[in-house]
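# Per-entry structural report
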Amino acid sequence: MFGLNWIWMTIIRIVTLILCFPIHESAHAWVAYKLGDPTGKEKGRISLNPLKHMDVVGLLMMIFLGVGYAKPVPINLNRFKKPKLYCALSALAGPASNILLALLTYGIIKLLTIIPINMHVISDMLIAFLLYF
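Every chain begins its residue count from 1, and numbering advances along the sequence as written. Local features in this predicted model are restricted to residues of pLDDT 70 or higher, and side-chain atom pairs are both shown and tallied only at a pLDDT of 80 or more, whereas totals for entire chains, interfaces and linings draw on every residue. The side-chain numbers reported here are obtained from all heavy atoms of the structure, hydrogens and water having been left aside.

Of the voids in this model, the largest pocket is the one considered here, and its volume is about 350 Å³. Residue lining of the largest pocket: 20 residues in total, with Cys20, Phe21, Met62, Asn98 and Phe133 positioned closest to the centre. Only runs of H or I of at least four residues qualify as helices and only runs of E of at least two qualify as strands under DSSP, and these elements are numbered from the N terminus. Elements with a contribution of two residues or more to the lining of the largest pocket: α1 (4-34), α4 (83-114) and α5 (120-132). Per-element accounting of the lining of the largest pocket gives the leading share, six residues, to α1. For this scheme, ten residues count as nonpolar: Ala, Val, Leu, Ile, Met, Phe, Trp, Tyr, Cys and Pro. Four count as charged, namely Asp, Glu, Lys and Arg, and the remainder, Gly too, count as polar. The class makeup of the residues in the lining of the largest pocket is 13 nonpolar, six polar and one charged. For each structure, a 1 Å grid was placed over the protein atoms alone; sets of points admitting a 1.4 Å probe that cannot get out are labelled cavities, open sets with protein on both sides within 12 Å along at least five of seven lines are labelled pockets, and lining residues have an atom within 4 Å of a point. Grid points are joined across faces, edges and corners, and a volume is the space filled by probe spheres set on the points.

Set out below in structure tokens:
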């Protein structure tokens, strides 16, 4: 049931989450801060430190079920001049960061298809990581 492939994919999932969750959640906090709500910044959530953003249950769900969550960034609508608009923009910042990461990863994959890599095993693992990322 749990072979070497499962172990590698689990490691790839964990590394991906450790890299992606902080970027996604920091994007929410950073946009909210730029639009007038420093709550996320005050809580230390504009950070690429994964420990600031990880929720243990959400992380385990993501690893084993493929669906999970990170700690949500606190936002105080009373600090926004245009609460509905700025809340929407803050909410969109996380998915926008995911799209930017996907485009960056796509570019790296395209680059790797042009540059020959001699080490077959490392290139397979790298491609698997980038595709999952």
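Position of serine 97 among the secondary structure elements: in helix α4. Since its relative accessible area comes to 8%, serine 97 is described here as buried. Residue contacts follow a heavy-atom distance rule, with two residues in contact if any of their heavy atoms lie within 4.5 Å. Excluding residues that lie within four positions of it along the chain, serine 97 makes contacts with Ile23, His24 and Ala27. The buried label goes to any residue with under 20% of its type's maximum accessible area, the exposed label to any with over 50%, and the partly exposed label to all in between, with areas taken from a 1.4 Å probe on protein chains only.

Looking now at α4. With 32 residues, α4 ought to run about 46 Å at 1.5 Å a step, and its terminal C-alpha atoms sit 47 Å apart, in line with that. The largest bend in α4 amounts to roughly 30° and is located at alanine 93, with the proline proline 95 lying one to four residues further along. Those residues of α4 not exposed but buried are Tyr86, Ser90, Ala93, Gly94, Ser97, Leu101, Thr105, Ile109 and Leu112. Helix span, expected: 1.5 Å multiplied by one less than the number of residues in the helix. To get the bend at a given residue, fit one axis to the seven residues ending there, fit another to the seven starting there, and take the angle between those axes.

What makes a nonpolar core is a set of buried Ala, Val, Leu, Ile, Met, Phe, Trp, Tyr and Cys residues whose side-chain atoms join them at distances within 4.5 Å. Formed by Leu17, Phe21, Met54, Leu59, Met62, Ile63 and Ala70, the largest nonpolar core amounts to seven residues. Counting only elements with at least two residues in this core, the list comes to α1 and α3 (56-65). Counting residues per element, this core draws most heavily on α3, at three residues. Excluding residues within four positions of it along the chain, leucine 17 makes contact with Pro22, Met54, Leu59, Met62 and Ile63. In this structure, Ile12, Leu112, Phe129 and Leu130 belong to the second largest nonpolar core, which totals five residues.

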